[in-house]
Structures are given as structure tokens and as C-alpha cells.
Amino acid sequence: MSVLVNKHSKIIVQGFTGTEGTFHATQMIEYGTQVVGGVTPGKGGTQHLDRPVFNTVADAVKATDANVSIIFVPPAFAADAIMEATDAGIELVVCITEGIPVQDMVKANNYLQGKNTRLIGPNCPGVITAGEAKVGIMPGFIFKPGRIGIVSKSGTLTYEAADQVVKAGMGISTAIGIGGDPIIGTPTVEAVKLLMNDPETDGIIMIGEIGGGMEAEAARWLKDNLRKPVVGFIAGQTAPPGRRMGHAGAIIGGADDTAAAKMKIMDECGIHVVASPADIGKTMVAALTK
Amino acid sequence: MNLHEYQAKELLKKYNVPVQEGIAVDNVMAAEEAYRQIKTQTGNNFAVVKAQIHAGGRGKGKIVGTEQRGVAVGKSVEDIATISKNILGGTLVTIQTGEAGKVVNKVLVAQDVYYSGPNPVKEFYLSILLDRGTKQNVIMYSTEGGMDIEEVAHNTPEKIFKEWVHAGSPLQGFQARKIAFNLGLSGEAFKNCVKFVTNLYNAYVGLDCAMLEINPLFKTSDEKIIAVDCKMNLDDNALMRHPDLASLRDVTEEDPTEVEAGQYNLNFVKLDGNVGCMVNGAGLAMATMDMIKLSGGEPANFLDVGGTANAQTVEAGFRIIMKDPAVKAILINIFGGIVRCDRVAAGVIEAYNKLGNINIPIIVRLQGTNAEEAKKLIDESGLQVQSAIQLSEAADLVKKALA
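A few points on the structure. (Residues numbered from 1 in each chain as written. Chains lettered and ligands numbered in written order. Predicted model: local features only at pLDDT ≥ 70, side-chain atom pairs only at ≥ 80, totals over all residues. Heavy atoms only, no water.)

## Thoughts on the state of the cysteines
- Scanning the model with the defined rule gives zero disulfides over all chains in all.
- With no disulfide of its own, A:Cys95 has A:Cys124 as its nearest cysteine by sulfur position, at a separation of 7.1 Å. (Disulfide = S-S within 2.5 Å.)

## What about the sheet that holds strand S4 (residues 51–54) of chain A?
All names here are of chain A.
- On the basis of which strands lie adjacent, the open sheet formed by seven strands has the order S3-S4-S2-S1-S5-S6-S7 and mixed pairing. Unpaired on one side and paired on the other, strand S3 (47–48) and strand S7 (118–120) mark the two borders of the sheet.
- Relative to strand S5 (residues 68–71), strand S1 (residues 11–14) runs parallel, the two being bridged by four bridges. For Ile12, the partnering residue across the bridge sits in S5 and is Ser69.
- On the sheet, helix H1 (residues 19–31) packs against S1, strand S2 (35–39), S3, S4 and S5 and is oriented at approximately 165° with respect to S1. (Pairing = 2+ DSSP bridges. Helix = DSSP H or I, 4+ residues; strand = E, 2+ residues; numbered from the N terminus. Contact = heavy atoms within 4.5 Å. Axes fitted to C-alpha atoms, helices over the stretch in contact; angles between N-to-C directions.)

## Considering the interface of chain A and chain B
- Opposite the 54 residues of chain A that make contact, chain B presents 45 residues.
- Carbon and sulfur atoms supply 61% of the area that chain A and chain B bury against each other, a total of about 3,800 Å² over both sides.
- For the pair chain A and chain B, the number of links is two salt bridges.
- Residue B:Arg241 is joined to A:Asp104 by a salt bridge in which the shortest nitrogen-to-oxygen separation is 2.7 Å.
- Applying the counting criterion to the chain A and chain B interface returns eleven residue pairs in polar contact (both at pLDDT 80 or more).
- Elements with a contribution of two residues or more to the side of chain A that touches chain B: H1, helix H3 (75–87), helix H4 (102–112), helix H5 (155–167) and strand S13 (230–235) of chain A.
- Looking at the side of chain A that touches chain B, the element that brings in the most residues is H5(A), giving seven residues.
- Among the residues forming the side of chain A that touches chain B, the class breakdown is 28 nonpolar, 19 polar and seven charged. (Buried area = accessible area lost by both parts, 1.4 Å probe. Salt bridge = Lys/Arg side-chain N within 4 Å of Asp/Glu carboxyl O. Polar contact = N/O pair within 3.5 Å; in protein donor to acceptor, adjacent residues only side chain to side chain. Nonpolar A, V, L, I, M, F, W, Y, C, P; charged D, E, K, R; others polar.)

## What to know about the layout of surface pockets
Residues and elements named next belong to chain A.
- When its volume is computed, the second largest pocket comes out at roughly 250 Å³.
- If you go around the second largest pocket, you meet 17 residues; those closest to its centre are Gln14, Gly15, Pro41, Val73 and Pro74.
- A per-element tally of the lining of the second largest pocket places H3 first, with four residues.
- Classifying every residue of the lining of the second largest pocket by side-chain character gives eight nonpolar, six polar and three charged. (1 Å grid on protein atoms, 1.4 Å probe; cavity = no way out; pocket = protein on both sides within 12 Å on 5 of 7 lines; lining within 4 Å. Points joined across faces, edges and corners; volume = space filled by probe spheres on them.)

## Focus on the packing of helix H7 (residues 214–223) of chain A against helix H8 (residues 259–268) of chain A
Residues and elements named next belong to chain A.
- At their nearest, the axes of H7 and H8 sit 8 Å apart, and the two run at 10° to each other. The angle between H7 and H8 falls in the class roughly parallel. Touching Glu215, Ala216, Ala219, Arg220 and Lys223 of H7 are Lys262, Ile265, Met266 and Glu268, all from H8.
- Residue composition of the contact of H7 with H8, grouped by class: four nonpolar, no polar and five charged. (Parallel < 35°, antiparallel > 145°, perpendicular 65-115°, else oblique.)

## Comments concerning the pattern of salt bridges
Residues and elements named next belong to chain B.
- The full count for this structure, using the stated rule, is 34 salt bridges over all chains.
- Where Glu21 meets Lys13, a salt bridge forms, and the shortest distance between an N and an O atom there is 2.9 Å.
- For Lys13, a relative accessible area of 32% gives the class partly exposed.
- Of the charged contacts, one joins Arg58 and Asp229 as a salt bridge, the two residues approaching to 3.1 Å between their closest N and O atoms. On the criterion of sequence distance, the pair formed by Arg58 in the loop between strand S2 (47–51) and strand S3 (62–63) and Asp229 in the loop between strand S12 (225–227) and strand S13 (231–234) is long-range, its members being 171 residues apart.
- A single network of salt bridges, built from pairs that share partners, joins Glu5, Lys9, Lys50, Arg58 and Asp229. (Buried < 20%, exposed > 50% of the residue type's maximum accessible area, 1.4 Å probe, protein only.)

## Considerations on the side chain of A:Thr174
Residues and elements named next belong to chain A.
- With respect to the secondary-structure elements, Thr174 resides in strand S11 (residues 172–177).
- Thr174 gets classed as buried once you look at its relative accessible area, which sits at 0%.
- Here the side chain of Thr174 touches Val3 through a polar contact of 3.4 Å, landing on its backbone nitrogen.
- When neighbours within four sequence positions are excluded, Thr174 is seen to be in contact with Ser2, Val3, Val127, Ile128, Thr129, Ile148, Gly149, Ile150 and Leu195.

## Looking at helix H13 (residues 391–402) of chain B
- With twelve residues, H13(B) ought to run about 16 Å at 1.5 Å a step, and its terminal C-alpha atoms sit 17 Å apart, in line with that.
- Of the residues making up H13(B), those classed as buried are B:Leu391, B:Ala394, B:Ala395, B:Leu397 and B:Val398. One side of H13(B) holds all its buried residues, which, seen down the axis, span an arc of 160°.
- Considering only its buried residues, H13(B) is in contact with H5 of chain A together with helix H9 (282–294), strand S17 (329–336), strand S18 (362–368) and strand S19 (385–388) of chain B. (Expected span 1.5 Å × (residues − 1). Arc of directions from axis to C-beta.)

## Some points on the packing of aromatic side chains
- The final tally for this structure, using the stated rule, is six aromatic pairs over all chains.
- Centroid distance B:Tyr114 to B:Phe218: 5.1 Å. Interplanar angle 70°. Geometry classified as edge-to-face. Linking B:Tyr114 in the loop between strand S7 (107–111) and strand S8 (122–131) with B:Phe218 in strand S11 (residues 209–219), this pair joins segments that are 104 residues apart in sequence.
- The interplanar angle of 20° and the centroid separation of 5.2 Å between the aromatic rings of B:Tyr141 and B:Phe161 together place this pair among those described as stacked. With B:Tyr141 in strand S9 (residues 136–142) and B:Phe161 in strand S10 (residues 160–165), this residue pair connects regions lying 20 residues apart in the sequence.
- In this structure B:Tyr141 comes out as buried when scored by relative accessible area, which is 1%.
- Above the plane of the ring of A:Tyr111 lies A:Lys115, whose end atom (NZ or CZ) is 4.2 Å from the centre. (Phe/Tyr/Trp six-rings, centres within 6.5 Å; stacked < 30°, edge-to-face > 60°. Lys NZ or Arg CZ within 6 Å of the ring centre and 35° of its normal.)

Written as C-alpha cells, this is what we have:
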């Protein structure tokens, strides 16, 4: 089963022929992901990485039956790419692009309302179902197949968590990098719900950071739906208020979006909260064997 | 990116948003001339001198070593000259600047808005920002202007109103009217407020603001609605489509080390601790800072080297971190994905040799792609660098280094 993507997913790459698109599409194909083609406006009809290139997402969907798209389009055009994929009926759009203007995402998010498309990201490492499909930029070899799901705002912290899980003798079902921007398509709570309902996932690691209220929202839902152990970590316990820490969304606005406030709510809702990022893996082992 | 009040007001005028008129100057003579011009325009002897720094609380703040406030009223050319002389070149300390304060390079000589007229003046508050919860822009406003809005929100939350703007359309007429009614306005002031709010929202969207705050939003005695102060923060990600705005950046307002880091595409934030760190990825960088704290240290910085850690960026990172004499140890934490750890290790060794004289402990934790090879490179380099692969090992090494 797994969630969001699997070996049957048919993936197209928007921004296929660019440097980033080419590099990561190659890695995805090597991982065994079913990449069926790509889109670069103006290069339709050509071949790239032994796969067809299309001018529009609609053309690509018609010709390949693609149901998933991954976006490597530059920031100025990325919101448009999200809307194009949505319009073409793509079920899952994974936007890797970092640095999209916020007002563009306000528009794109509005465009998505009422449509059957799920957006992951932007500014995210993507989604990987270990051993089946890698729709993202994560180093595939770290994600050994297993039964632990990961939801994370951060890229390298996702790899860190996956590595600890594998070193602890377990493996990954699906890891979802939801993205670090102020506006993202799939908030923590929705990604957590998917994994909670996945029969092939036994435990969930939820990694958040300062800023926004998504972790608290997820924690409140989990309180009444805790059918599997959840281990949580919030990055930015030492971050000063008002400063942006790398991610556009990582800024402490008020008293409620500090790491301490989020960790308290998560703890109260039954999540195994770790203070140190080095303890994620072993805490999951302990929680599962309890 | 933050703008100065005078820059923000110039931009607002382009969107037909009425502002308190003024002239920005950087010397006393120009301040005198500005005063004469404003006096001629307004027919009023009073004018106000406002220090231009990227921080609020200027009216209550003082120039170091004097009793001079950051905003002061004068009623003669001599007054204006004295105030400008006191402020220009001085260091202004306000509730938002911290103890170090900020050097004032410019003052805005502005019209006095409290001139007498048929009706009493009124001060309101209005700001526009993104509501992350609803993923819409929200206009937040209050009848309680000219004061600390966080205090108003805390003590009298019922006095704060919010108007969300639907993402698919501009601010609607009924919304602008609602705002003006809720502020208790009528007649000419009501009409002016509707226009003001509509144009201000257009400015917010048109300029790709991350935040736009008018405090106070002012009703004059002759029923005009004007922006007396303006804090404008632009979305850095949108500057690519506003080349004219990018040039408004005042680097003297920013931490010089952070500016230098930016030139190397390093994402750096200066903090007050004793352990420097260099990490790839923002989330892992924050997590590493947290781990330093749990190991008994305090992070001296946030530094994300991004997805392209190489010899050059590592060297730049080293130099930037070591500028801070408080740093007692440096932790490099790289999780190699696309980035290969052995390349990073080679970069660390190269940078270390090039810089020489590094006499504080360096802890390097490299994990992920080619981690074993990287550890071998470091261990065999003969340098005073301690290597680790697991995050917990790195934490122990930090603890030891600080002991």
C-alpha cells in the first residue's frame, strides 16, 4: 500500500530539461521510479533521458496517463507550474522549488481549492516510498524499506531521522517532506492522517520547526486518533524571536509558535517528544516495544 | 527586506496613499532647507524630525549620552538644526534596537500633522500581512492607534478587527467600507479612509510586501486620512521582479557579518553563544543549535551552507564564524545526500590549512553519502579536527570540548 506514491505511480517532471530537473530525474529513474516523461514549454516533441518531452502538462497527461508531477521550475514560474498541473488533472503535485513569492502561493493555493489535486511543498525534499518510488531530491540509499513513516518540514532533518531509524534496525514506509514555506499544500496534520491510516506504517515521526501552528493542529488531531506511536521533534528551541532562520516560514511570531509551546502541546497530546534530534531513532524503538 | 520610513512613504505615494509629507536628509544644512520648504508648503511653523532606522520605538528612544529623543518637534529653523545635529551620526537606542542601538544616518523632516482645524484629530492602527492559517492576506486594524499593538491585542483584544481578503480577488468595496465604519468614521473622513485602505492594499500586493504597518493611521483636523508612520517589509523572494526596490536595501542597517555571508550564498544569523556551527539545511541547522544547547553550550550562530557545501563555502563559513571572539568551538554538521561527504571533508581540510592558526576545537560530523571515506580523510589529515558520524557522538564531542 504505502501513501501518496508507489511503484505504479506515473510521474512527469516539470522543468525536465533544466539542470536541476535533469539531475534529479536521472536519480529518480535510477531509484526505479516510473518517470514517464517531462514538460518544458517549447521543447515538446523532443526526447530527454530517453523519455518524451511535452509542451504542456495537459499534453503529457494525455500521452502518458501520468498521475504525479514533480516541479523543478524556477521560483518566478513555479506557482504557474502548480496551477498548470492542477488544471491538467494531476492527482499529486510535488513542488521542490524554493523561494516562490508568498503572494504567488496565495494565488496558487486558491486555485487548488475544490480541485482533486493534492500539493506537497513547495520548498520541500519531496516524497519517497522506500523501495518503490522516489519523487524528490532525497538521497535514496538512506531510505531502507520498513514500517516507519516520516512527516517533516525540513530536508536534511528528514534524512537524519530516516538514517537513525535504519541504524536502529527499522525502515521507512513513506517519508513526506511537506516543505518549509509559510504557505504549503499539505499541512502536517494531513500528512500525519495519511500515515495513521496506512496499514503498512507502524509508527510515525513528526518533525516540525518554529513558526506557524501546524504542529499544534496535528497534535490536537492525534490526541483522539493515536493508534500508533508518534515521535515528535521541533527544531529551533534556541532560535531568537523575530529572526528568520533559513526557511521562509521559520520565524517566531508570537508566544504560541515557539518550539517550547509546540513541544508542550505535543507532549500533552500523547506524542513522544524528544528534545535532542539525536534521540529520534531510539525513542521510536522504545515506543514500539513498549 | 526592511525599508526606512521615508522610502516606504515614497512608495506609498506612487499608489496614491496619502502620507505625512517630509524630506529625508543626511546633514543639518539640508535639514534646515527641508524645514523651510515644508513651512512654505504647510504654512505651519511646527515640523517634526524623525530618525531613520530600521526599528520602532523611536519617539521614546534616546540618542546615547544625551536626552535627545529619536522623534522631536521643532518650531523654528534653529530648533530643527539643533535636533538634527543631535540625532544625525548619533546612536539611537530604542526598545527594539537592543542596548547597542543603531547609528542614525538620515532624518526625515516632516510636516506637523496636529495642525488645528474644525474637528479633533484621531489616531488608528492598520496593518496588512499574510495569515498563514487561512492562507489569505488579512487587514488588521484598531481604533487604538499610536501605541504598541501587541499590548492592545493582549489587554483589549476586542478592539482589534480583522478583515480577510479573498485570494482570488482584490479588496472589495464593502470590506473597505466595513473598516472605515468600524473605525468610527463618517462624512469626508469615511470616504477618504475607504480610498486609503483600497490603495494601501493595492500597494501591499503590487510591491510584494511581506508586511505593511501604518501606525498611526491618522485623521487630521480637516478630515484627511494619512499614514504618519510606515513599516514596510518586502518579500525577499519577490525582489527578482522588483529590481528598483532591491536597490533600496540599506546594508548599514544589517549585521556586517550577515551581509558578508550573503555574498557567499550562506544563510547566516548571528547569535550570542560560544559554539559556532556550520550545517547543510535550515531544519538540521536549527536542530544542531538545539543540540549544542543540550550539550551545555550556546549556539553562536545559525549557518546554513545549503546544498552546495564545497571548499570555498566551508572556508567562508569558517572565517565568518571565527570573527566572533566568543566562539570556543566549532561544530560542522553535514548530512550528505546529493552533497558527497568526502568532498566536504576535503573542503574542511583545505580551508583549515589555508586559514592556519585555528586554536579552538573543531568537531566535524559527516553522515550520509561517502561518510566513511570522509571520516578517514579527516582522521588521517593530522589536523586538530575531531570527527564523528552519529549525531549523538558529535553531541558528546561538543560536551567534551566545553568541559
